[in-house]
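Here are the chains, one letter per residue:
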Amino acid sequence: MSVHHMARSRTTAVLLAGGTGQRVGLAIPKQLVKIAGKAVIEHTLAIFEQADSVDDVVVMMAPGYVAEVEKIVAKAGLAKVTKVLEGGATRSETTERAIAALGEGLAEGEDLNVLFHDAVRPLLSERVIKDCVDALDRYQAVDVAIPSADTIIVTRTHGEDGEFITDVPDRSRLRRGQTPQAFKLSTIRKAYEIAASDPNFQATDDCSVVLRYLPDVPIYVVAGDEYNMKVTQPVDVFIADKLFQLASTALPAPADERAYREQLTGRTVVVFGGSYGIGADIAALAESYGAKVYALGRSTTGTHVENPEHVEDALSKAYAESGRIDYVINTAGVLRIGKLAETDNAAIQEALNVNYLAPVHIARASHKYLAETRGQLLLYTSSSYTRGRAEYSLYSSTKAAMVNLTQALSDEWAADGVRVNCVNPERTATPMRTKAFGVEPAGSLLSSEAVARTSLDVLLSELNGHVIDVRQQDPTRDASEATGFEQALASVLDRHEDEEHS
């Protein structure tokens, strides 16, 4: 660690969650609305929990809902949250309360980095957080903004005649403000102390307070992110939910050979659908790193995943022989293409039994074993889950169900320490795909080995309730150059291609 990094001030993130749900049309605060299986505020808190540049978190919650947030924090095991306090009647009053709370316990002359973030911006990236903290090494005040894609107009109301344009500012100089807004605690405290003597003081954000009352303090602007939207209107709930579906969760960092061996040696891995393809590759990899692996499949062990007794017997045997079950994986699936009206009952029943009911049976039977080891259930979906397509109605709808099952169970089992995640590979070279589509051009598909390797990385990570996209890299462009919004757009466009995997 460098001397410069050692000297950095402690960084506290303050979640401003004092708003109500009135504009969203709900009886509860909008930050408690569930999106992608979790309360909005839990998604936001999880981002700061995972951010290396943030040391602790304080939540300023709407009056009457502090206990609700404390339950969320306890259930999710959010260790960085040190205080949950009631916010004020206005944004500025809430900030003032946070400033007072942060000042408690600080030594004389000690300063602090503070990030004020809207709790209803649950898609914040760790990159933006780090950029804000890094900027505080040079500046006392930092804002986050993105260019405006829309033309902004200035209007004036003329009586009952309505609004009329008075100015059209140069769009190239306009930015849309986001959060976090970051400050040295001493700076934002001083700005509010000066503002207190102004009888006409009012503010909707904290950078405007510094700009007005400490005009000599430069406010640096960090590049924001299109994904970093604010949930304030009814349509925002829908959009945010879809963005969570489309967002490519950052892949966990690949472990090195020693880490794989250290974390898998002595562990028990049960793989349903382990006869071939992704499942077989996961089983082989895990075994090579010292895990005790049970690779189960119809053609190899006679295990029919759609049969609850087969599932229970397989898990019971694995537990009896190894004394533990750490990871349960289900890659089994069937792909039947055709028009629903022309599909017979047997094919429909097979699709539902294997693609939907089997994972449900596996999840139900696995819970008691995974709760004992605080392990993980790993499921698989397909890119088609975000948009049903003609002739894929059964497949895409059951794959959408896997995402909802993942999100629901991750919430349901969090108190037991059991994690549930879902891997979403793009088109992958597997026997099932070859059977459905024939031989496809070389290089056009992901290898099942690459998906298996990422699956191990997910198992060994702390992720919970995530849908992890595994995609081929475009050799002509570094993935870091694409914004989250562009990646989501690409995902939407990809829906027009054949994207089945398993």
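The structure reproduced in this document is the subject of the present report. All values derive from a computational prediction rather than experimental measurement. (Residues numbered from 1 in each chain as written. Predicted model: local features only at pLDDT ≥ 70, side-chain atom pairs only at ≥ 80, totals over all residues. Heavy atoms only, no water.)

1. Focus on the packing of aromatic side chains
- Within this structure, the stated rule accounts for six aromatic pairs.
- Arranged with centres 6.0 Å apart and planes meeting at 80°, the rings of Y192 and F201 form a pair that is edge-to-face.
- Relative accessible area serves as the criterion here: at 4%, Y192 is assigned to the buried category.
- In textbook terms, an aromatic cluster arises when at least three aromatic residues are bridged by ring pairs, as seen for Y192, F201 and Y213. (Phe/Tyr/Trp six-rings, centres within 6.5 Å; stacked < 30°, edge-to-face > 60°. Buried < 20%, exposed > 50% of the residue type's maximum accessible area, 1.4 Å probe, protein only.)

2. Thoughts on empty space enclosed by the protein
- This structure, assessed with the given rule, holds two cavities of 30 Å³ or more.
- What the largest cavity holds in volume is close to 40 Å³.
- Considering the residues around the largest cavity, the lining is formed by N330, A332, V354, N355, P359, Y380, K399 and M402.
- Broken down by element, the lining of the largest cavity gets its largest block of residues, three residues, from helix 12 (residues 345-373).
- In the lining of the largest cavity, the residues fall into five nonpolar, two polar and one charged.
- Estimated volume of the second largest cavity: approximately 30 Å³. (1 Å grid on protein atoms, 1.4 Å probe; cavity = no way out; pocket = protein on both sides within 12 Å on 5 of 7 lines; lining within 4 Å. Points joined across faces, edges and corners; volume = space filled by probe spheres on them. Helix = DSSP H or I, 4+ residues; strand = E, 2+ residues; numbered from the N terminus. Nonpolar A, V, L, I, M, F, W, Y, C, P; charged D, E, K, R; others polar.)

3. Comments concerning the environment of G37
- Along the chain, the position of G37 falls in the loop between strand 2 (34-35) and strand 3 (38-39).
- The sequence separation of G37 and D241 amounts to 204 residues, and the corresponding C-alpha distance is 9.2 Å.
- Each residue touching G37, except ones within four places of it in the same chain, is listed here: Q407 and D411. (Contact = heavy atoms within 4.5 Å.)

4. Observations regarding the sheet that holds strand 11 (residues 219-223)
- One open sheet holds the seven strands; their spatial order is 5-4-1-6-10-7-11, and the pairing between them is mixed. In this open sheet, the two edge strands, each paired with only one partner strand, are strand 5 (81-86) and strand 11. This sheet shows a mean twist of 25° between the axes of neighbouring strands, independent of strand direction.
- Here six bridges tie strand 7 (residues 141-147) to strand 10 (residues 175-184), and the two strands are oriented antiparallel to one another. Residue V142 lies in a different strand from strand 10, and its bridge partner there is A182.
- The strands that helix 3 (residues 66-76) touches are strand 4 (56-61) and strand 5; relative to strand 5, the one it contacts most, it runs at about 165°.
- In the packing of helix 4 (residues 91-103) onto the sheet, the strands contacted are strand 1 (11-17), strand 4, strand 5, strand 6 (113-118) and strand 10, and the crossing angle to strand 1 comes to about 150°. (Pairing = 2+ DSSP bridges. Axes fitted to C-alpha atoms, helices over the stretch in contact; angles between N-to-C directions.)

5. Here's the deal with the side chain of T94
- With respect to the element layout, T94 can be found in helix 4.
- Sequence-distant contacts of T94, defined by excluding residues within four places in its chain, comprise L16, M60, G87 and G88.

These values are about where atoms sit, not about what they do.
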